[in-house]
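Architecture at a glance
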Amino acid sequence: MLLQDKHIAIIGGGPGGLTLARLLKQQGLQVKVYERDADRNVRQQGSTLDLHEGTGLKALEVAGLLEEFKKHYRPGADKMKIINSQMEVLLNDHAAATNENFGHEHFRPEIDRGPLRDLLIASLEEDDIVWNAKFKEMKPAGTGWELSFDNGSSAYADLVIASDGANSKVRKYLTDIPAIYSGVTAIEVNIYNAEKNAPALWQLASGGKLFALENGKTIFFGPKADGTLSFLIGLKVSEEWLAKSNIDFNDKSQVALWFQQEFADWSSEWQSLFTTDEIWIMPRPMYHYPTDQNWESLANLTMIGDAAHRIPPYAGEGANQALADALELYEALCLGQFETIQQAIASFELKMRARMIEITAETLQNTAVMHTPDNLQFLLNFFNG
């Protein structure tokens, strides 16, 4: 086995990194996941994910976790409504019958990020994850790397796998290809205890997805099982907009005033989004890596997920592609197809980059059309076939 007696470090404990750790541990390999969070409970996890056949669900199946996933996914959370700026419901598929289920190519079961992360963590041994290990730097050491973390600790690894997200600090050791601004900036918001703090929209969502859009603006909602209403406000703006706006996104009142002005032609009912203090707000300019990116493969370093191919969220592919990466890297390294680690990594990276050409193009097309003046009609046409 290529990785026998090798020390493997996965930087980042998101879905991709944890799934890869699970797959490698099934082969009896020495794996550590280094996660910046102080512990598993320190941070609220993000929005609901829909996992796809052939990528996310396939990776969980090979990892022996599909039955556990079935215990925690949210039936009905894939239902949706489309509304306009005046909160008029234009499409509602909640009552539509569906024959799709596990094994169907179009079935996309939803799961909240927290439960998905929890089941992945539970599939590992307690000491497989090193918490409070925020990556600082790494230096060549023999044929591997000496890793340093902000807490002053260090570790050696023969193989490092960057799974540290869109703002990866490990990626630069492999390539300096910069990310490209997509033309859209989103404001991510979580309203906690939304049944009390945003009752009208909580009820309107009915436990499923809620797409509100018109005239180039979007608000996409995803209720979570814990009572949180997560949503993204999307705008087509310049890359400099965030810096020039002078909005303090830690100040809810400033965000509420901006929203009132920016969405002045939308129903006044939308202002209820910012009446509660049980709220979390974060601006997120949307970037992607070029579809023709390339780099020289190494024998001791590779990357998966957003670290390798970040994309906007408007096609629901980010987590699925990260899980596909985890599965394909595991297969390249562990199924005996290659004579050296470098050959295995080179094959994986070539396959990953090729796969992401179409996925990135599709995502960018969705991102663009969702933020054009006729975005509402586009989405209605899409779901109406």
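To start, this report covers the structure provided alongside it. Owing to the predicted nature of the structure, the values given are computational and were not obtained by experimental measurement. (Residues numbered from 1 in each chain as written. Predicted model: local features only at pLDDT ≥ 70, side-chain atom pairs only at ≥ 80, totals over all residues. Heavy atoms only, no water.)

1. Brief notes about the pairing of strand 5 (residues 89-92)
Keep this limit in mind: A pair of strands is treated as paired once DSSP finds two or more bridges between them. Helix numbers and strand numbers start at the N terminus; a helix is a DSSP run of H or I with at least 4 residues, a strand a run of E with at least 2.
Pairing of strand 4 (residues 80-83) with strand 5, which is carried by 3 bridges, proceeds in the antiparallel orientation. Residue K81 lies in a different strand from strand 5, and its bridge partner there is N92. Linking strand 4 back to strand 5 in an antiparallel pair, the connection comprises 5 residues, with M87 at a positive phi of about 65 degrees.

2. What to know about the pattern of salt bridges
Our working rule: In what follows, salt bridge is the name for a side-chain nitrogen of Lys or Arg lying within 4 Å of a carboxyl oxygen of Asp or Glu. With a 1.4 Å probe rolled over the protein chains alone, any residue whose accessible area is under 20% of its type maximum counts as buried; one over 50% counts as exposed, and the rest are partly exposed.
Here the structure, examined in full by the defined rule, presents 15 salt bridges. Across the pair K209 and E110 runs a salt bridge, and its minimum N-O distance is 3.1 Å. Of the two residues, K209 is situated in strand 13 (residues 209-214) and E110 in strand 6 (residues 110-112); the sequence distance between them amounts to 99 residues. Two residues, K196 and E278, come together in a salt bridge whose shortest N-O distance is 3.5 Å. Taken together, the residues K196 in helix 5 (residues 194-197) and E278 in the loop between helix 8 (252-262) and strand 16 (279-288) connect sequence positions 82 residues apart. K196 gets classed as exposed once you look at its relative accessible area, which sits at 53%. Here E278 falls in the partly exposed class, since its relative accessible area comes to 33%. Each of E35, D37 and R117 takes part in salt bridges that share partners, so that together they form one network.

3. Side note on the nonpolar core
Here is the rule we go by: By nonpolar core we mean a set of buried residues, namely Ala, Val, Leu, Ile, Met, Phe, Trp, Tyr and Cys, connected to one another through side-chain atoms within 4.5 Å. We call two residues in contact whenever any of their non-hydrogen atoms come within 4.5 Å of each other.
Of all hydrophobic cores here, the largest spans 69 residues; its most connected members are L20, L24, L147, V160 and L333. The biggest single contributor to this core is helix 10 (residues 318-334), with 9 residues. Apart from the residues lying within four places of it in its own chain, the contact partners of V160 are A9, I11, M138, W145, L147, V170, N300, L301 and T302. If you look at the next biggest cluster of nonpolar residues, it comprises 36 residues, including L204, L229, W266 and F274.

4. Thoughts on the packing of helix 10 against helix 11 (residues 341-369)
Using the following cut-off: To get an axis, fit a line to the C-alpha atoms, keeping to the stretch in contact for a helix; angles then go from 0 to 180 degrees between the N-to-C directions. An angle counts as roughly parallel when it lies under 35 degrees, as roughly antiparallel when it exceeds 145, as roughly perpendicular when it falls between 65 and 115, and as oblique in every other case. By convention, the crossing between two helices is left-handed when the near helix turns anticlockwise from the far helix through less than a right angle, and right-handed when the turn is clockwise. The classification used treats Ala, Val, Leu, Ile, Met, Phe, Trp, Tyr, Cys and Pro as nonpolar, Asp, Glu, Lys and Arg as charged, and all other residues, Gly among them, as polar.
Between helix 10 and helix 11, the shortest axis-to-axis distance is 9 Å and the interhelical angle comes to 155 degrees. Classified by the angle their axes make, helix 10 and helix 11 are roughly antiparallel. Here the hand of the crossing between helix 10 and helix 11 comes out right-handed. Residue-level inspection shows Q321, A324, D325, E328, L329, A332 and L333 of helix 10 in contact with helix 11, the latter providing I341, A344, I345, F348, K351, M352, R355, M356 and I359. Residues that form the contact of helix 10 with helix 11 fall into these classes: 11 nonpolar, 1 polar and 4 charged.

5. Focus on the sheet that holds strand 7 (residues 129-130)
Ordered in space as 7-2-1-11-17, the 5 strands form an open sheet in which the pairing is parallel. Whereas interior strands pair on both sides, the edge strands pair on one side only; in this sheet they are strand 7 and strand 17 (301-303). Relative to strand 2 (residues 30-34), strand 1 (residues 7-11) is paired through 5 bridges, and the arrangement is parallel. Residue pairing in the sheet places I11 in a bridge with Y34 of strand 2.

6. Remarks on unusual backbone geometry
Positive phi, close to 50 degrees, is recorded for N193, a residue that is not glycine. Summarising the element assignment, N193 is placed in the loop between strand 12 (180-191) and helix 5. Here N193 falls in the partly exposed class, since its relative accessible area comes to 37%. In this structure, N215 is a non-glycine residue whose phi angle is positive, near 50 degrees. On the secondary structure map, N215 appears in the loop between strand 13 and strand 14 (217-223).

7. Thoughts on the pairing of strand 10 (residues 154-157)
A one-sided burial pattern is seen for strand 10, the buried positions being A155 and A157 and the unburied ones S154 and Y156. Pairing geometry for strand 9 (residues 144-149) and strand 10, over 4 bridges, is antiparallel. Following the sheet pairing, L147 is matched in strand 10 by A155. Hairpin remark: strand 9 followed by strand 10, antiparallel, with 4 residues in the connecting loop; positive phi at G152, about 95 degrees.

8. Topic: helix 4 (residues 113-122)
Those residues of helix 4 that sit buried are G114, L116, R117, L119, L120 and I121. The inward-facing, buried residues of helix 4 abut helix 1 (15-25), strand 3 (48-50), helix 2 (56-62), helix 3 (66-72), strand 6 and strand 7.

9. Regarding helix 11
Filter applied, for reference: Here a helix's expected span is defined as the number of its residues, less one, multiplied by 1.5 Å. To obtain the bend at a residue, axes are fitted to the seven residues ending there and to the seven starting there, and the angle between these axes is taken.
Its 29 residues give helix 11 an end-to-end C-alpha distance of 42 Å, which sits within 8% of 42 Å, the value for a rise of 1.5 Å per residue. Its maximal kink placed at M356, helix 11 deviates by approximately 30 degrees.

10. Digging into empty space enclosed by the protein
To keep it simple, the criterion reads: Note on definitions: the grid is 1 Å and covers protein atoms alone; a cavity is a set of points where a 1.4 Å probe fits but cannot get out; a pocket is an open set with protein on both sides within 12 Å along at least five of seven lines; lining residues have an atom within 4 Å of a point. Grid points are joined across faces, edges and corners, and a volume is the space filled by probe spheres set on the points.
Applying the stated criterion to the full structure yields 2 cavities of 30 Å³ or more. Empty space within the largest cavity amounts to approximately 90 Å³. Surrounding the largest cavity, 15 residues form its lining, P290, Q293, H309, M356 and T360 being those nearest its centre. Those elements giving two or more residues to the lining of the largest cavity turn out to be helix 9 (306-309) and helix 11. Per-element accounting of the lining of the largest cavity gives the leading share, 5 residues, to helix 11. For the lining of the largest cavity, a count of residues per class yields 8 nonpolar, 5 polar and 2 charged. Size it by volume and the second largest cavity reaches roughly 30 Å³. Every residue lining the second largest cavity is listed: T48, R74, A77, E110, G207, G208, K209, G222 and P223. Residues of the lining of the second largest cavity, tallied by class, amount to 2 nonpolar, 4 polar and 3 charged.

Without other data, these values stay purely geometric and don't point to any function.
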